[in-house]
Amino acid sequence: MVPQTASEDTLNKALSALADPTRRAIVQRLKAGPATVGELAEPFDMTLPAVSRHVKVLVHAGLVEKRRVAQWRPCALRPETFREVAGWVESFRETWEENFDRLDELLATLQTTHEPGDKGN
Amino acid sequence: MMSYPLEVSALGDRELVMTRTFDAPPRLVFDSWTKPELLQQWLGVRGGWTMPVCEIDLRIGGEYRIEWTKEGARMGLTGTYHEIERPHHLVSSEVFDEAWYPGEALVTLTLDELGARTTATMTIRYESTEARDQVLVSPMESGVAESYEVLDRLLARVGVRTSAATG
């Protein structure tokens, strides 16, 4: 109900990146900590270039970054993007949860203090 | 009093779907959505906001006008009823006075009877993907772990639906 500022580009990119089950699985894996593309590829029946392409989409969406540790380039989640995407749905949900909790109370009241003429229409 | 969980999901690229169960028959839920004296008691009236204006012309093509106020601030919502089938189905448009998303939204409310309960499904269809996403954007102050959990819940449903919709 309250106007919000927008960052729709981030959201569009993040959501379309996360619409893919393999990329969601990669994100799940990265929640445990940074991993190289090779490590990410292990649980999947996929070639390294295929996994690399998925990682690239996640990087482009701002969900994942490639770090530099000596000769390694481990992938890691970018928490700020996740916070933004999560906030996206959560503020909307909160507003409506509160609305519907009030509606629960109203409906309970209506059912105990029923006007006779109101029944059965 | 039982409070049921609210499910929010994105459907396709322009719609949001909310599902919530209530311990009341559809007739009462429908009335709570369409009678001013009832709507004024629950919709958006929180944190000091009240709804001094609520005019509803519940006919096909009829309009409604809602105004909320708080300490001199004012927020308004106008719309038109497109389909009315009490107590199971209501379709209306909605436009906020100071819309933070482009165009108007089309809201379909479906009320399904489940014994003494009602499951309400509210589908909001925006004019564009950008409009839908703008409705939902806000900064979030809570911790990272918490936002991952939120996202997990979101992805459990949205991800599947989105990928189905986009092929």
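Residues numbered from 1 in each chain as written. Chains lettered and ligands numbered in written order. Predicted model: local features only at pLDDT ≥ 70, side-chain atom pairs only at ≥ 80, totals over all residues. Heavy atoms only, no water.

Novice: Would you mind showing me how to read the packing of helix 2 (residues 21-31) of chain A against helix 4 (residues 48-60) of chain A here?
Specialist: For any two helices packed against each other, the geometry is given by the interaxial angle and the distance between the axes. All names here are of chain A. In the contact formed by helix 2 and helix 4, the axes pass within 10 Å of each other and the chain directions differ by 80°. Between helix 2 and helix 4, the angle is such that the two are roughly perpendicular. From helix 2, Thr22, Arg23, Ile26 and Val27 reach across to helix 4, where they touch Val51, His54, Val57 and Leu58. For the contact of helix 2 with helix 4, the per-class residue count stands at 5 nonpolar, 2 polar and 1 charged. (Axes fitted to C-alpha atoms, helices over the stretch in contact; angles between N-to-C directions. Helix = DSSP H or I, 4+ residues; strand = E, 2+ residues; numbered from the N terminus. Parallel < 35°, antiparallel > 145°, perpendicular 65-115°, else oblique. Contact = heavy atoms within 4.5 Å. Nonpolar A, V, L, I, M, F, W, Y, C, P; charged D, E, K, R; others polar.)

Novice: Is there a simple way to think about the pairing of strand 6 (residues 89-96) of chain B in this case?
Specialist: In the case of a regular strand, side chains alternate between the two sheet surfaces. Residues and elements named next belong to chain B. Buried residues dominate strand 6, accounting for 7 of its 8 residues. Judged from the 6 bridges that link them, strand 5 (residues 73-85) and strand 6 form a sheet pairing that is antiparallel. By the bridge assignment, Ile84 is partnered in strand 6 with Leu90. Connecting the antiparallel pair strand 5 and strand 6 is a turn made up of 3 residues. Relative to strand 7 (residues 105-114), strand 6 is paired through 6 bridges, and the arrangement is antiparallel. Looking at strand 7, one finds that Leu90 is bridged to Leu109. (Buried < 20%, exposed > 50% of the residue type's maximum accessible area, 1.4 Å probe, protein only. Pairing = 2+ DSSP bridges.)

Novice: What is the right way to read empty space enclosed by the protein from this model?
Specialist: Sizing a probe to match a water molecule and rolling it over the atoms shows the empty space that remains. Residues and elements named next belong to chain B. As enumerated under the stated definition, the model contains 3 cavities of 30 Å³ or more in all. Of the volumes computed, that of the largest cavity is approximately 230 Å³. Taken together, 16 residues make up the lining of the largest cavity; nearest its centre are Trp33, Leu43, Tyr64, Ser92 and Glu94. Listed by contribution, the elements that provide at least two residues to the lining of the largest cavity are strand 4 (63-70), strand 5, strand 6 and strand 7. Here the lining of the largest cavity is built from residues that sort into 14 nonpolar, 1 polar and 1 charged. (1 Å grid on protein atoms, 1.4 Å probe; cavity = no way out; pocket = protein on both sides within 12 Å on 5 of 7 lines; lining within 4 Å. Points joined across faces, edges and corners; volume = space filled by probe spheres on them.)

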